[in-house]
Structure formats: C-alpha cells, structure tokens
Amino acid sequence: MLTRRRGSDSSATGVGNRRDVGLARQFAVLSLVPMLVLGIALGFTVRHIITARFLDSYGRTDELTVDAMASTLLAGVDLNQGTTSAQARHIDSVVANFYRIDFGTGSTQALVTAWSPNGNVLYSTDTALIGKTESLPPTARVALTGTVTSTIVSSVPGAHGWKGASIQSTIPLSLGGHVIGAVESYSPLGTLGAAISHGVFQVELVLVLGLLLLWAVLFPIVIRASQRLRRQAEENERLALSDALTGLANRTLFHDRLQLALSEANKLDERVGLLVLDLDRFKEVNDTLGHAQGDRLLCEIGERLRGALRDTDTLARLGGDEFAVVLPNVHDAESAADVARRMLAALEQPFAFDELSVTPQASVGVAVCPDDGRDLDQLLSRADQAMYEAKHTRGRVSIYDSHKDTASIGRLALVTELRRGLNRGEILCHFQPIARLPEGEVQGAEALVRWQHPSRGLLAPGEFLDVAEQAGLMRAITDRVLELALTHCRTWRECKPDFFVSVNLSGESLRDATLPDVVARALQRHEVPASALELEITEGAILSDPLQAKSLLARLQLLGVSVALDDFGTGYSSLSYLAQLPVHKIKIDRSFVADILSNPVDETIVAAVIDLGRRLDMAVLAEGVESQQVWERLARLGCVQAQGFYLSRPVRPEEIGAMLEATALFPLP
Ligand code: C2E
Ligand code: MG
Ligand code: MG
C-alpha cells in the first residue's frame, strides 16, 4: 500500500506541474484583461483631467483679456451702437496682444466677438459684424449668467484663417459687478493641442508601464500562492481519508474501498474477505507506557500489519486499537483466515521500547462476502462478532459462524439464569488451600466462585464471569463470595485462629468507591478481623483506573485488609507501579511456575520475583504448583507460600474444615 501511495504521489506531482502551467497561462490571460480595461479607463480619465485643467487656466487668462477689453469698451462705447472704428482699433490692440493677431497682415489668429445682452455686436475682430444685432449663441447666454465656459470645438462659425480644432471660450463682460454683455473667442488649438496630447501621452505611458510592472510583480506571487493553496487542498484531501496517527486508511476510506470491493465482487462473482483485528488489553499498554509510547506502538503495529498484506489489500485503522482489512478476491474464508494468521505472526516479534519490550496480542474476526452477507454493515458486524468470539475463546483468529450467532442468544439467556441463580443461592464458593513453604502448613484458602447450575451442573468461573461482567453482575457476585468466605473463615478460625481467606476482586469492584465500606460492614457482621481477609486484584483491574484503584486500596489498607497482586507477570504493568501500590503479596502466575523445572528463563523470572518481593517487603506466593519437585524447587528459591493441585484442588468448604481438624499440615514427604 505504501508503494502504491508513493507511486501515485509522483504521478500526482507531474499532474500538479502541468496543472500549474495551465493555471499560470489562465492567470496571465485573465489578469491582463482587467489590467487593460483599467489602463484604458485611467488613460481617458487622465486625458480628460489634463484637458479640463488646461481649458480652465485658458479661460481664466481669457477673462483677464476680456476685463481689459471691458474697460476699453466701456470708455464711451454706446452699448446699443457698438464700437466706433477708432474704438475697435483700440480693442484690436488688446485682443492682438493676447491672441497674437497681426491685424496689419490680416492673418487672423482669433475670432473675438462681444455682444450686449440683446444681441447687439459691440465689437468683433470681424469688423463687418460690429453694430449688427444677432441672436445670442447658447454659450453667450450662459456667460450672461456670470459663468465662464471653455471648450475645444472642431468647427468655427464664419470665415477664419486656420484649420483644425479651436478653443472656444465665452466670458461674461462685467462692469461694477454687473454683467453687461458676453465675449466669445475662438482661437486655434494648434501647438497647444499638440502639447496637451504630448503631456497626456507621457502620463499614459507611465501609467501603462506602471501597470505592466505591477502585473509582472503580481504574477509570480499569485502563482506561488495558488500552488501553495493547491498543495494544501491535496493535503487536506489526503488527511480526510487517512488516519492521522498511523497514516493508514481511515474509516471513511475503508468504507469506500469495502463498498467498491463488494460491488466488484458482485459483478465478477468473486469473494471479498473482511478482517477485523483488535489488540488485547491495549489500554494496559497505554496506562503503563504512556500514551505517546502507546501511539508509537500503534504506528509500528500498523507498519508490520501492512507488511503482511498484498498491495491490493486495504488496511485501515478504525479507531483506538482496532484495525480492519479488505481482502479483494479471496478464495474462501480459510484463505482470509490465513492472512489473519500471517498478520498475527507479524506481531510476534517483540516491539522494543527503551528498556522494555512489548509483545501485543490481538484477536481477528473473519467474514467473507457473499457467504456471510453482501451488505457492508452486515459484513462488518459479522467480522466484529467473529473477533469477539476469538477474544472469548482466546482462539486469536475466528471465522464468522452463523451457528455461533445463536450463542449470543444463549448468552442472554445465561444472564437471566445467573440473576435468578444469585437469588436462589446457586452461587457457591470452592476454596483452594494456601500453604507455607517448605513445611506445608495451611495458612489460608482462596475463595473461588462456582455456579451450581440447575441443569448444567457445577460451572467454573470461566463459564460465566465474562457474562456476569458484561451484565454488571460482578458486584453481586463479589458480595456473595465475600459473605461465604467470611462465614467459613469464622468457623475455620475456631480451629486455626490465624487462618485467612482470600477473595478475588474484579476490575469493576475496584472502581466501586463503596467497596471499603461494604468490606468493613461484612467483617463486622461476621466478627472476623480485617487481618483475616486478603483481597486479590489483577494488574489489569488496577490499570483500568489506576488513580481510583490506588485510593481504594489505600482505604482497604487502613481497614487492615491485605492486598495480593494476582496472576503477576501476565500484565504489562511496570515495576514502579508495584512499589507505589499498597500491595502485601505477589502471586506469581502459574504460567511461570508450571515450567520452572524445564525452562531456565521461567526459573530466573520466578527467582527474580521472589527477590523483588523480599526487597519490597512483600510476601511471594507461587500459583499452580502441581508437583513435589516444583514445590521443592520453590522452597529452595525462598518462596514463602504456594497453592496448586499438588497440595489440593479447589474444594468444597467442608473439606477445608476437615483438613484443618485433621492436621494443619499437608502430608509432605
Ligand atoms: P485465580 O484467582 O488465579 O485462581 C486460581 C485458578 O487457578 C483457579 O481456577 C484454580 O482452580 C486454578 N488452579 C489452582 N491451582 C492450579 C494448578 O496447580 N494447576 C492448574 N492448571 N490450575 C490451578 P478457577 O477456579 O477456574 O478460577 C479461575 C479464575 O477465575 C481465577 O484465577 C480468578 O481470576 C477468577 N475467579 C474465581 N473466582 C472469582 C471470584 O469470586 N471473583 C472474581 N472476580 N474472579 C474470580
Ligand atoms: Mg486469585
Ligand atoms: Mg491467579
């Protein structure tokens, strides 16, 4: 799977590059269009502003001329008659000065006309017009309202001596603040027009170059930003489909792949295998090694599992310590189970963590399409059921079996029966003696629960404790066992005053804050001292909630009850834990004790635990002593207590009584 992903990464990069080039081209074209529009709009605006400014200043200069003309005109001019030719010559000189007209050569460079408000031509460079009455042009009417207008026109009324565009300017003729007429002038735009155009062109050139520069600077920035966005989008897509911790497929991608495999299989008439793998007691790993190391372990487990699969198989982490695999095109359920076994074999090599090594156990459920269902949910639920079956039976790999489905119905019935059995007193205790090494003095007994089932006979704890745990009946069972143990203990103590009983606690009991009070009341009721009661806990039970367990054990210690750590060596707990907990006894699990004679490693472990107990001031008991040789070896190693079939199997309480009455010693050789 990893290889395939790498492959697709490189091809994705190629596609990405091509996409980048396309994107650059697209941006180049799309960004040029608005730049062009902006450039043209700015060009027009600049041209308009510059021309308006010019005309404005031209109009104002013209106004000065008209003022001079006005003072001349008004010196004795009859506003109804117009200027006399002498007055007109005088005004000509003012006008000629401003418009640079050479009246002598007749090269008229301006057309200037002054009107009285009623249209009488007071003065004109066209002398023929003076004294005539005309209808006022619209611009002259505007000037009579006191407003100056300047504009560029392409044609000039009447004859004049120039070609091309002209500046038309109309100015009010004022006297003492009163408008008494209007003066209109036309003069050729000529070189002024060229100057304006040149000025405008320069500004437009700067504008265009500026815009091009801006575009050139923006272009790589936008391309880089879009590349980053694209990469981010691809990364987001990858994250949405993969498990953040292990990088494996996540639940979403897994469902997609499974759905795809199911529809392909349907079309091609093939089988699809589905494996659900769950790590056993992974919580203990987390609690012991810490979550960071737990995460690391999950990643490494993911790597190993992937190594056991084909490229076409999809391995996903569904969450927590649960993995699942889609196996497209499998031959049958057995070949899917073979893959499951290969995956488990991949986990057999221990995982190294600093000074510790961990060998995780896992259970795998197998379901196959179409044999166990064609529907995704149904198949998943069946693989899940098979996985739980594997966990229960410790079979490690279990293939879904429709007959076992009825077992879950049977389990429901068992819960009902167990509830009834508790009320009817069917829950009993057998006791297994605990003796001191080496002489074999019986010091106490462990209470081991039994169910006297009305039809199935005497059931061992393995047959109903799981169901009781799931149904929340452990509390009731513990109470019952405690009652029975203390009842018998009181009797046995009459024969042997320092006799003690040991009662097993489940994880649920260790999370129950009322337990110390329940124990205290029970001791009181049976008039048994706390020192006569030992409570057995397992590492797993402590680790399900270490803080709560610690405070609960401390309260029990205050009562004077002693605590034994049962099945020691089978959990993941660290030794530092042991030193922190108020534990009085270590019970070495029988898996280490059984082979002590033939397996030097087991013997070393047992010897080390005995030594550890001595150093931590804890008694050490060996469980599962089945032979005299083991008994003697343990005695030589310095173990102080033992229990096991060699001494006695768990027996009915009457037999313990008989044993104590006959002799407090086992018939040891
Ligand atoms: P455990 O507490 O470790 O109890 C010892 C188990 O080992 C008993 O199994 C006992 O019959 C068995 N055993 C003792 N000596 C030998 C031996 O020499 N060889 C072999 N092969 N086995 C030996 P049992 O009675 O079936 O109990 C199994 C487990 O069930 C117990 O293991 C304990 O964890 C749990 N259990 C029993 N009674 C209770 C109870 O009242 N409450 C809770 N929470 N758990 C209980
Ligand atoms: Mg026990
Ligand atoms: Mg045990």
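Each chain carries its own residue numbering, running from 1 in the written order of its sequence. Chain letters and ligand numbers both follow the written order, the letters beginning at A and the numbers at 1. Restriction of local features to residues with pLDDT of at least 70 applies here, the model being predicted, together with a cutoff of 80 or more for giving and counting side-chain atom pairs; totals for whole chains, interfaces and linings are based on all residues. The basis for every side-chain value is the complete set of heavy atoms in the structure, and neither hydrogens nor water enter the calculation.

Draft legend 1. Quick peek at the packing of helix α12 (residues 474-495) against helix α21 (residues 653-662). Axis lines are fitted to C-alpha atoms, over the contacting stretch for helices. Their N-to-C directions set the angle, which ranges from 0 to 180 degrees. Secondary structure counts use DSSP, requiring at least four H or I residues in a row for a helix and at least two E residues in a row for a strand, with both numbered from the N terminus. Put simply, α12 and α21 touch, their axes get as near as 9 Å, and they point 10° apart. When the interaxial angle is binned, α12 and α21 end up roughly parallel. Contacts from His 488, Trp 492 and Cys 495 of α12 reach α21 at Pro 653, Ile 656, Gly 657, Leu 660 and Glu 661. Class assignment for the residues of the contact of α12 with α21 results in five nonpolar, two polar and one charged. Should an angle fall under 35 degrees it is called roughly parallel, over 145 degrees roughly antiparallel, and 65 to 115 degrees roughly perpendicular, with every other angle called oblique. In this description, contact between two residues means that some pair of their heavy atoms is separated by no more than 4.5 Å. When residues are sorted by character, Ala, Val, Leu, Ile, Met, Phe, Trp, Tyr, Cys and Pro go into the nonpolar class, Asp, Glu, Lys and Arg into the charged class, and all the rest, Gly among them, into the polar class.

Draft legend 2. Summary view of the coordination of the magnesium ion (ligand 3). Because no water is among the atoms considered, metal sites can look incomplete, with donors defined as N, O and S atoms within 2.8 Å of the metal, or 3.2 Å for Na, K and Ca. Taken together, the protein ligands of the magnesium ion (ligand 3) are Asp 566 (OD), Asp 567 (OD), Glu 623 (OE) and Glu 623 (OE), with distances of 2.0 to 2.6 Å. Linear spacing of the donor residues for the magnesium ion (ligand 3) on their chain is D-D-x55-E. Here the magnesium ion (ligand 3) and the magnesium ion (ligand 2) are spaced 4.0 Å apart, linked through Asp 566, which binds each one. Buried residues are those whose accessible area, probed at 1.4 Å on protein chains only, stays under 20% of the maximum for their type, while exposed residues exceed 50% and partly exposed ones sit between those limits. Residue classification places Asp 567 among the partly exposed residues on the basis of a relative accessible area of 24%.

Draft legend 3. Seen up close, the coordination of the magnesium ion (ligand 2). The protein atoms that coordinate the magnesium ion (ligand 2) are Glu 446 (OE), Asn 504 (OD1), Glu 536 (OE) and Asp 566 (OD), at distances of 2.0 to 2.3 Å. Read in sequence order, the donor residues coordinating the magnesium ion (ligand 2) give the pattern E-x57-N-x31-E-x29-D.

Draft legend 4. Just helix α14 (residues 515-526), in detail. The span you would expect from a helix comes to 1.5 Å times its residue count less one. The first and last C-alpha atoms of α14 sit 16 Å apart over 12 residues, in line with the 16 Å expected at 1.5 Å per residue. When we look at burial in α14, the residues that qualify are Leu 515, Pro 516, Val 518, Val 519, Ala 522, Leu 523 and His 526. Down the axis of α14, the buried side of the element spans an arc of 160°, and every buried residue falls inside it. Seen from the open side of α14, the exposed residues pointing more than 90 degrees away from its buried face are Gln 524 and Arg 525. Residues of α14 that are buried sit in contact with α12, α13 (507-510), β17 (533-538) and α16 (546-559). Residue Glu 527 follows α14 closely and has a positive phi angle near 50°. Read the arc as the range of directions from the helix axis to the C-beta atoms.

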